[in-house]
Amino acid sequence: MQNPLLTPSTRPYQWPAFDQLTAEHYLEAVQLGASEQLDELQRIIDDAQTPTFENTFLALESSGQTLRRALMTYFSVISAHGTDELRVVQSEISSIWSKQEDAIYLNQSLYSRLQDLDLSGLEGEDARLADQTLKNFQLAGAGLADTDKEKLKKLNAKLAELSTQFANLVLENQNAHAVHFEDAQELAGLSSQAIDSAAQAAKQAGHASGYLLTLVSPSQQPVLESLDSSESRRKVFNASLSRGTENNPTIHVAAEMAQLRAERAALLGFANHAETVLAQATAPSTVAVAERLAELTKAATANARKEAAVLSRVAGAEINAWDWKYFSNKVLRVEYSVDSEALRDYFELDRVLIDGVFATATKLFGITFTERFDLPTYHDDVRVFEVFDADGTPLAIYTGDFLTRDTKKGGAWMTSLRDASSFLDERPIVTNTLNITPPAPGNPVLLSLDEANTLFHEFGHALHGMFSNGKYASLSGTSVPRDFVEFPSQVNEMWMLHEDVVSGYAVHHHSGETLDASLIEKIRAASLWGQGFATTEYLAASVLDWEWHTISAGTVIDDPLQFEQDALKRAGFDTAMIPPRYRTGYFQHIFANGYSAGYYSYIWSEVLDADTVQWFEENGGLMRENGNRFREELLSRGNTRDPLESYELFRGRTAWVEPLLRRRGLVNAE
């Protein structure tokens, strides 16, 4: 059978032939695609005609389509359904891609041809493409001497190898550290459905009896909110944190990666890796980021200490770290009459998706969704929807892969199988992937409040990809600075509990009763509760990321666990009570997923997000007029112009930080 990846798919939107693809197909397409692109690049270099924008920049933009098609498909699948077969070829595919980037960006002849062009007559997206392309070459080391380029190639190859190793080890550790309980009484506090799911998980994992609580990616596990037994909570909590100790090799892989990144930064002329990241970010400097993190840390930890005092009063004694989420949930029940576990009954997946997420998008933007069952998927859990614009024209394909499994990495994310690009005549295929615990057979999929919020969040990324309306794929959708990319997704969270949205989807899965309006109001009122904890654990992870990536070349870290502890202590965090959201040993964002020196971007983007939410509130909220403006000035623009320029054109001014401080409860914190 011919490899389906070697030619564009004839299915709608160039949908991949998932029903035919094998690991060998991916590897072959990557190998042949890389060779094909090198030939295309050589033709650009050898072109005897005078260099023009069309025969250099556009020729480069259109090169490597076989490779691009194969990599976008493979990397989307390996994260969501990383079977043993696909993981076998992962290291080789990552290595080929790393070498290919070097072959492009360290090619002096190609770089010289690009530099020789007079770009002064370019405008709009053409000028932006030329500017971003040259910047990519410069930051990749195109201007280095040949000996330094060879050093850089070796560093890039080693980092690609270590990143793959880290991702595989984290997935193995996450599965290996699932906590087994023999007696159902140890799971008291969990719903009957959750206990049934744990029993099913134990059987699937090969246990003769008992119950298995699988882990999710962050340090804090959702079940800690509900388990009545402090000992059961302790077991789950310690299992989660132990993924980041000396007993697991991931922490040493991470330390080696941080040291190699510092060495690479020095080669490129930067003081540290963080500086290389900020060269393509909206944050002005490493000092500015560090100051923002320190400022917020002081306020957040002060709030967290106040929350701890409240929890101790509720518990009747000093609490342990594994008790925090449990007694915090008690405060929500007692003080705000909000029971996180009971709320699950009102957040059934289909209703949240169809009557919540999709319905909101229809009200704001006029788009509609039709589920398709004719397109093959890489797993039976994946759902496919065609998206139509307000005038009925086809816009995009949206896919949702919502349930956890042992082949899926932890967390939630958005990826693209295809980009919006008029130049390539390509329409977007975007994916959302979550890790919701599957129910026992016959039961509905119920979401926690946080999981429902995550679905709205990830769909915000999807909108950014689907609405992209530019010429070039490399400037499309979410191809924006890292500290801007979270902004649209965070804005979309605002609709989850909006009065015009929540009443349409928050319905008890059994009784059919809608979530009481007074309870919705209490949930909103309770939103400030726990912000000290949530902001502190997030900031601790951000500081940890920043510490790893502001080391200078030549720094030797013999004890990475001590490095982690010292960094967090210096910043003022009490990790014995509130550990970072991710410890080094399972911090996939920064060691496997491209967020190195970029985890700060969530709070950086949230300044824009909170200010935008205020704009919506001031201008009538959930209205097509507002949605159209947000789409036109921001969501559709991608990186076709400076994203901060897009923001200012949308908002009419630069962003103010005060709305974020109020949202996070950081105003007047002591």
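The structure this text deals with has already been given above.
Residues numbered from 1 in each chain as written. Predicted model: local features only at pLDDT ≥ 70, side-chain atom pairs only at ≥ 80, totals over all residues. Heavy atoms only, no water.

### Quick look at the packing of aromatic side chains
No. 1: If you walk through the whole model with that rule in mind, you get 41 aromatic pairs.
No. 2: Their ring planes at 5° and their centres at 5.8 Å tell us that Tyr 111 and Phe 137 sit as a pair that is stacked. Of this pair, Tyr 111 sits in helix α6 (residues 108-115) while Phe 137 sits in helix α7 (residues 124-140), and the two are 26 residues apart along the sequence. The burial state of Tyr 111 is the same as that of Phe 137; both residues are buried.
No. 3: For the ring pair Phe 237 and Trp 322, a centre distance of 6.2 Å and an interplane angle of 55° mean the geometry is tilted. One end of the pair, Phe 237, is in helix α10 (residues 230-241); the other, Trp 322, is in the loop between α13 (286-315) and α14 (324-335), and 85 residues separate them in sequence. (Phe/Tyr/Trp six-rings, centres within 6.5 Å; stacked < 30°, edge-to-face > 60°. Helix = DSSP H or I, 4+ residues; strand = E, 2+ residues; numbered from the N terminus. Buried < 20%, exposed > 50% of the residue type's maximum accessible area, 1.4 Å probe, protein only.)

### Details of the packing of helix α25 (residues 624-635) against helix α26 (residues 643-651)
Between two packed helices, the angle of one axis relative to the other and the distance separating the axes together describe the packing.
No. 1: Where α25 contacts α26, the axes come no closer than 8 Å and their chain directions differ by 155°. As judged from the angle between their axes, α25 and α26 are roughly antiparallel. Judged by the twist between their axes, the crossing of α25 over α26 is right-handed. Of α26, the residues touching α25 (which contributes Arg 629, Phe 630, Glu 633 and Leu 634) are Pro 643, Ser 646, Tyr 647, Leu 649, Phe 650 and Arg 651. (Axes fitted to C-alpha atoms, helices over the stretch in contact; angles between N-to-C directions. Parallel < 35°, antiparallel > 145°, perpendicular 65-115°, else oblique. Left-handed = near helix turned anticlockwise from the far one by under 90°. Contact = heavy atoms within 4.5 Å.)

### Describing α14
One turn of the α-helix equals 3.6 residues, which is why residues spaced by three or four share an orientation.
No. 1: With 12 residues, α14 should cover 16 Å at 1.5 Å per step; its first-to-last C-alpha distance of 16 Å lies within 8% of that length.
No. 2: Listed in full, the buried residues belonging to α14 are Trp 324, Tyr 326, Phe 327, Ser 328, Asn 329, Val 331 and Leu 332.
No. 3: The secondary structure elements touched by the buried residues of α14 are α10, α13, α15 (340-343) and α21 (531-548). (Expected span 1.5 Å × (residues − 1).)

### What about the pairing of strand β5 (residues 394-403)?
No. 1: Most of β5 sits out of view: nine of its 10 residues are buried.
No. 2: Strand direction decides the pairing type here: strand β4 (residues 383-388) and β5, joined by six bridges, are antiparallel. Across the sheet, Glu 386 pairs through a bridge with Ile 397, a residue of β5.
No. 3: Connecting β4 to the antiparallel partner β5 that follows it, the hairpin turn spans five residues, and Gly 392 within it adopts a positive phi of roughly 90°.
No. 4: Note: β5 against strand β7 (residues 429-436), six bridges, orientation parallel. When the sheet's bridge partners are listed, Asp 401 is paired in β7 with Thr 433. (Pairing = 2+ DSSP bridges.)

### Remarks on a negative patch on the surface
No. 1: A cluster of acidic side chains, namely Glu 246, Asp 558, Asp 559 and Asp 566, defines a negative patch on the protein surface.
No. 2: Mapped onto the secondary structure, Asp 559 falls in the loop between α21 and α22 (560-570).
No. 3: The exposure class assigned to Asp 559 is partly exposed, which follows from its relative accessible area of 38%. (Patch = residues over 30% accessible without salt bridge, like charges linked within 9 Å, V, L, I, M, F, W, Y side chains within 5 Å. Areas by Shrake-Rupley, 256 points an atom, 1.4 Å probe, with all protein chains shown as cover. Salt bridge = Lys/Arg side-chain N within 4 Å of Asp/Glu carboxyl O. Lys, Arg positive; Asp, Glu negative; His and termini not counted. Charge placed at Lys NZ, Arg CZ, Asp CG, Glu CD.)

### Regarding the nonpolar core
No. 1: Counting residues in hydrophobic clusters, the biggest one holds 149 residues, and the most contacted among them are Tyr 398, Leu 455 and Phe 459.
No. 2: Counting residues in each nonpolar core, the second largest holds 30 residues, with Tyr 13, Ala 23, Ala 29 and Ile 93 among its members. (Core = buried A, V, L, I, M, F, W, Y, C linked by side-chain atoms within 4.5 Å.)

### Some points on the pattern of salt bridges
No. 1: Throughout the structure, instances matching the rule amount to 33 salt bridges.
No. 2: A salt bridge links Glu 341 to Arg 344; the nearest nitrogen and oxygen atoms lie 3.5 Å apart. Each member of the pair, Glu 341 together with Arg 344, is buried.
No. 3: Between Glu 547 and Arg 570 there is a salt bridge; the shortest N-O distance is 3.0 Å. Highlighted residues: Glu 547 in helix α21 and Arg 570 in helix α22, separated in sequence by 23 residues.
No. 4: Given a relative accessible area of 24%, Glu 547 falls into the partly exposed group.

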